[in-house]
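Coordinates in review
Given next are the chains, with one letter for each unit.
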Amino acid sequence: MASRTDTVAGVTLPDTRLAREATELVRDTSTELLFHHSRRVFWFGSLQGRNRDLSFDPELLYIGAMFHDLGLAERFRHSGRRFEVDSADEARRFLRAHDVPEDSVRRVWTAIALHTTPGVPEFMEPEVALVTAGVEYDVLGIGYDGVSDEDRAAVTALHPRPDFKHRILEAFTEGVRNKPDTTFGNVKADVLAHYVPGFERGDFVSTILDSPWPE
């Protein structure tokens, strides 16, 4: 793991008590896979922010990145809520316990809650936009060529991604397998359709036509 003052690809890890405690919490409660992924999301989100000439709070971006997948952990698998909301609520509890201003708490909560909702975060505050941008870069490769080969290699040398495509899909599957209804209308329905035999995807049109309204 990087020391707290490390600079990678021209982006420096926030050297604050809040960032250090977030690092420890996520490292202790998440998996190695998700820890490395979350750290990469911070660096790739920051690099996308630089590309877009956005002014953002690195500490808030870091908290959003670190907590964004925490809701996939085993203890949340029977919550009945979307994992994004579980993740966002854990970040909110953490931030409020550190007396962070409510506007900052709201930004982080929103960034995490919307990180799997394409087409919306990019029009919101920079921290919201860049958590999603970092996730989309690391998971989907969106904007791949917008980061230089050298910068990409520096980030992945610090936080490697061996067999990441298959391992992250497995993590998504296990995180939402027990609450399939939470995937209605979002990208995780695709995951269960591929990896959970017998899963039946919710259909928006059928939901409307089969509603109790007579017309």
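Throughout what follows, the structure given in this document is the object of discussion. Predicted model only: the values in this text are computed from it and were never measured. Residue indices begin from 1 for each chain and proceed along its sequence in written order. Selection of residues for local features in this predicted model requires a pLDDT of at least 70, selection of side-chain atom pairs for listing and counting requires 80 or more, and totals for whole chains, interfaces and linings are taken over all residues. Remark: hydrogens and water are excluded; side-chain values derive from all non-hydrogen atoms of the structure.

**Focus on the overall build of the chain**
Heads up, the condition is: By the criteria applied, helices consist of DSSP H or I runs no shorter than four residues and strands consist of E runs no shorter than two, each listed in order from the N terminus. In this setup the radius of gyration rests on C-alpha atoms only. A globule is expected at 2.2 Å times the number of residues raised to 0.38.
When you go through the chain residue by residue, the secondary structure sums to 10 helices and two strands. Each helix and strand of the chain, ordered N terminal to C terminal, gives the series β-β-α-α-α-α-α-α-α-α-α-α. On C-alpha atoms alone, the chain measures out to a radius of gyration of 18 Å, which is about the 17 Å that the 2.2 N^0.38 rule sets for 215 residues. Based on the C-alpha atoms only, the size of the chain along its principal axes is roughly 60 × 40 × 35 Å.

**With respect to the layout of surface pockets**
Heads up, the rule is: The distinction between a cavity and a pocket rests on a 1 Å grid over the protein atoms alone: a 1.4 Å probe fits inside a cavity but cannot get out, while a pocket stays open yet meets protein on both sides within 12 Å along at least five of seven lines, and a residue with an atom within 4 Å of a point counts as lining. Grid points are joined across faces, edges and corners, and a volume is the space filled by probe spheres set on the points. Residue polarity follows a fixed list, in which Ala, Val, Leu, Ile, Met, Phe, Trp, Tyr, Cys and Pro are nonpolar, Asp, Glu, Lys and Arg are charged, and the others, Gly among them, are polar.
Taken as a whole, the largest pocket encloses approximately 450 Å³ of empty space. Around the largest pocket, the lining is made up of 24 residues, and of these V139, L140, F172, V187 and K188 lie nearest the centre. Contributing elements (two or more residues each) for the lining of the largest pocket: α6 (126–140), α8 (164–176) and α9 (188–195). For the lining of the largest pocket, the residue count by class is 12 nonpolar, seven polar and five charged.

**Section: the nonpolar core**
Basically, it comes down to this: Nonpolar cores were defined as sets of buried Ala, Val, Leu, Ile, Met, Phe, Trp, Tyr and Cys residues, with membership established by side-chain atoms within 4.5 Å. When accessible area is computed with a 1.4 Å probe and restricted to protein chains, residues below 20% of their type maximum are described as buried, those above 50% as exposed, and intermediate ones as partly exposed. Whether two residues are in contact is decided by their heavy atoms, any of which lying within 4.5 Å being enough.
F42, I63, F67 and L95 are the most contacted members of the largest nonpolar core, which has 40 residues in total. At seven residues, the largest contribution of residues to this core is made by helix α3 (residues 58–67). Excluding anything up to four places from it in sequence, F42 contacts V11, T12, L13, P14, P58, L61, Y62 and A65.

**Some remarks on the side chain of D89**
Stated precisely, the cut-off is as follows: Here a polar contact means two N or O atoms within 3.5 Å. Within protein one must be a hydrogen donor candidate and the other an acceptor candidate, and residues neighboring in sequence count only if both atoms are side-chain atoms.
As for its placement among the helices and strands, D89 is situated in helix α4 (residues 83–97). Assessed through its relative accessible area of 8%, D89 is described here as buried. Of note is the side chain of D89, whose polar atom sits 2.8 Å from the side chain of R81. In contact with D89, not counting residues within four places along its chain, are R81 and W109.

**Side note on the side chain of E90**
Here E90 shows up in helix α4. In this structure the side chain of E90 is engaged in a polar contact, spanning 2.3 Å, whose partner is the side chain of R93.

**So, the environment of P101**
In this structure, P101 sits in the loop between α4 and α5 (102–113). The class of P101 is exposed, set by a relative accessible area of 54%. Along the primary structure P101 and G202 are separated by 101 residues, whereas in three dimensions their C-alpha atoms are 38 Å apart.

**Structural notes on α6**
Let me state the cut-off plainly: Given the number of residues in a helix, its expected span is that number minus one, multiplied by 1.5 Å.
Helix length check: α6 (15 residues) gives 20 Å between terminal C-alpha atoms against 21 Å at 1.5 Å per residue, within 8%. Burial analysis of α6 places 13 of its 15 residues in the buried class, the great majority of the element.

**Description of the environment of V147**
Summarising the element assignment, V147 is placed in the loop between α6 and α7 (149–158). Remark: the alpha-carbon pair of V147 and S46, spanning 101 residues in sequence, is separated by 11 Å. With residues near it in sequence (within four places) discarded, V147 still touches L47, Y137 and R152.

**Considering α7**
This is how it is decided: What the arc describes is the spread of directions from the helix axis to the C-beta atoms.
Those residues of α7 lying buried are D151, R152 and V155. The buried residues of α7 occupy an angular sector of 100° when projected down its axis, which confines them to one face. Exposed and oriented more than 90 degrees from the buried face of α7 are D149, E150 and A157. Of the surrounding secondary structure, the elements contacted by the buried residues of α7 are β1 (7–8), α2 (32–51) and α6.

That is the geometry; function is a separate question.
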